[in-house]
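# What the coordinates show
Here is how the chains run, residue by residue.
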Amino acid sequence: MARAAVLLLAVYAAAFAFRRLPLTAAAQELQMKVTINHSQISGTEDAVFDNLQKALEQFFNERQWTDLKFQEQERIQCSLNLTVSKYNRDENMFEATALIQANRPVYNASYVSTLYNNRDDAFQFQYAQFDQLNYNDETVDNQLTALAAYYAYLIIGLNLDSFSPLGGTDILQRCMNLANNAQNLAFPGWKSFEDSRNRFAIINDYLDEQMRPFRQLQYDYYRKGLDEMAANAERGRTEISSALELLKTAHENKPLSLLPQIWTDYKKTELGNIYKGKGTQKEKQAVYSLLMGINASQSTAWETINQ
């Protein structure tokens, strides 16, 4: 583990070199903002929800999730928005829908790009006010901390992928191990091959060899494409067009995987802006056809590419 940590730290140091910011032990990896909407729950004091929000933020932001060292400026900006639909005070049981988003700054620009955005409709857990949130990779026996750790590892792994080709493999594997260890938890969302969009399916697809082009896309799109656009917009857009071919390959390799659809769902506006009024008609038509073949439900957004 120590050797792997050293290698991963070296990868991350190289990935952040373009920012000219030295790596130190100044901060943890995540800067997570948690919000809880409990307007559907009546007759319950706000205190339990306020305490849950504070406990989750502390759990995400004060824990060292990896052996990497981040500066404060390098922490991954992310958010967890919970909408609670049911709360059983006697059993301390919550049923909620979660919206998870992570962002990535674009080099030499004020623009921030969405790194991940997805909904978890099975965000169910038990939590009693003032519960201490503890987690151990080897013993996954608490649903709430398992949920938080899963998304922490997923976000960090995807962030590393965007700075170095397949750079997040070790962290994503931790996420996969967690999902495997959570199979016996008496809550939905973990069961293998039960649902094409549940937590197991998402991380399993990320690590599937057939989806390797999708992970390479993360680096080519962000590091070679978006990060280049401030210096040379034409070159950056050309790299993005090439990166999208990897998206097509991944979709063809594993048509039942929802990762390409999820990615294009939250990238639709950004992709439209990249090509709208820019590039050759041939390039625009190729990108339009590619995206329509992957996610025709976003046809309105893809139409802007041809403008």
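Residues numbered from 1 in each chain as written. Predicted model: local features only at pLDDT ≥ 70, side-chain atom pairs only at ≥ 80, totals over all residues. Heavy atoms only, no water.

What follows deals with the pattern of salt bridges. Taken as a whole, this structure holds 16 salt bridges when the rule is applied. One salt bridge in this structure joins Asp 227 and Arg 104, with 2.8 Å as the shortest N-O distance. Taken together, the residues span a long stretch of sequence, with Asp 227 in helix H6 (residues 212-229) and Arg 104 in strand S3 (residues 93-105) at a distance of 123 residues. When sorted by exposure, Asp 227 lands in the same class as Arg 104, which is buried. Of the charged contacts, one joins Glu 228 and Arg 235 as a salt bridge, the two residues approaching to 2.5 Å between their closest N and O atoms. Classification of Arg 235 as partly exposed rests on a relative accessible area of 44%. What emerges from the salt-bridge pattern is a single network uniting Arg 104, Arg 223 and Asp 227. (Salt bridge = Lys/Arg side-chain N within 4 Å of Asp/Glu carboxyl O. Helix = DSSP H or I, 4+ residues; strand = E, 2+ residues; numbered from the N terminus. Buried < 20%, exposed > 50% of the residue type's maximum accessible area, 1.4 Å probe, protein only.)

Another point: the pairing of strand S2 (residues 76-88). Note that strand S1 (residues 30-37) and S2 share eight bridges and pair parallel. For Asn 37, the partnering residue across the bridge sits in S2 and is Thr 83. With respect to chirality, the unit in which S1 leads through helix H2 (residues 47-62) into the neighbouring parallel S2 is left-handed. Bridge analysis of S2 against S3 gives 10 bridges, and the strand direction is antiparallel. Counted as the bridge partner of Ser 79 is Gln 101 from S3. (Pairing = 2+ DSSP bridges. Right-handed = clockwise from strand over helix to strand, strands pointing away.)

Membership of the largest hydrophobic core comes to 89 residues, with the highest contact counts inside it found for Leu 56, Leu 80, Tyr 116, Leu 154, Tyr 221 and Trp 263. Excluding its chain neighbours within four sequence positions, the residues that come into contact with Leu 56 are Val 34, Leu 80, Leu 82, Leu 133, Leu 144 and Ala 148. (Core = buried A, V, L, I, M, F, W, Y, C linked by side-chain atoms within 4.5 Å. Contact = heavy atoms within 4.5 Å.)

Within the secondary structure, Leu 172 is located in helix H4 (residues 169-181). Take Leu 172: its relative accessible area is 0%, and that puts it in the buried class. In sequence terms Leu 172 and Gly 157 are 15 residues apart; their C-alpha atoms lie 5.2 Å from each other.

Moving on, we come to the sheet that holds S1. Across the sheet, which stays open at both edges, the four strands sit in the order S1-S2-S3-S4 with mixed pairing between neighbours. One side of each edge strand has no neighbouring strand; the edge strands of this open sheet are S1 and strand S4 (112-126). Direction aside, neighbouring strands of the sheet carry axes that sit 15 degrees apart on average. (Axes fitted to C-alpha atoms, helices over the stretch in contact; angles between N-to-C directions.)

Further remarks concern the packing of aromatic side chains. Tallied over the entire structure, the rule returns 17 aromatic pairs. Aromatic pair Phe 94 and Tyr 127: ring centres 6.5 Å apart, planes at 55 degrees, arrangement tilted. Linking Phe 94 in strand S3 with Tyr 127 in the loop between S4 and helix H3 (143-163), this pair joins segments that are 33 residues apart in sequence. This pair shows no difference in class: Phe 94 is buried, exactly as Tyr 127 is. One aromatic cluster is present, built from ring pairs that chain together Phe 49, Tyr 87, Phe 94, Phe 123, Phe 125 and Tyr 127. Residue placement shows Arg 104 over the ring face of Phe 163; its charged tip is 4.1 Å from the ring centre. (Phe/Tyr/Trp six-rings, centres within 6.5 Å; stacked < 30°, edge-to-face > 60°. Lys NZ or Arg CZ within 6 Å of the ring centre and 35° of its normal.)

Positionally, Ser 113 belongs in strand S4. Contacts of Ser 113, omitting those with residues within four sequence positions, involve Ala 102, Asn 103, Arg 104, Val 106, Tyr 222, Leu 226, Lys 267 and Glu 270.

Another point: the packing of helix H7 (residues 233-253) against helix H8 (residues 259-275). With their axes 13 Å apart at the nearest point, H7 and H8 run at an angle of 160 degrees to one another. As summarised for this structure, H7 and H8 are arranged roughly antiparallel, according to the angle between their axes. Crossing of H7 against H8: the hand is left-handed. Every residue of H8 that contacts H7 at Arg 237, Ile 240, Ser 241, Leu 244, Leu 247 and His 251 is listed here: Pro 260, Trp 263, Thr 264, Leu 271, Ile 274 and Tyr 275. Residue composition of the contact of H7 with H8, by class: eight nonpolar, three polar and one charged. (Parallel < 35°, antiparallel > 145°, perpendicular 65-115°, else oblique. Left-handed = near helix turned anticlockwise from the far one by under 90°. Nonpolar A, V, L, I, M, F, W, Y, C, P; charged D, E, K, R; others polar.)

With that settled, the discussion passes to the environment of Tyr 107. Within the secondary structure, Tyr 107 is located in the loop between S3 and S4. A C-alpha to C-alpha distance of 24 Å links Tyr 107 and Pro 260, two positions 153 residues apart in sequence.

With the rule as written, the count across this model stands at zero disulfides. Unpaired in this structure, Cys 78 has its nearest cysteine sulfur neighbour in Cys 175, at a distance of 14 Å. According to the relative accessible area criterion, Cys 175 is buried, its value standing at 0%. (Disulfide = S-S within 2.5 Å.)

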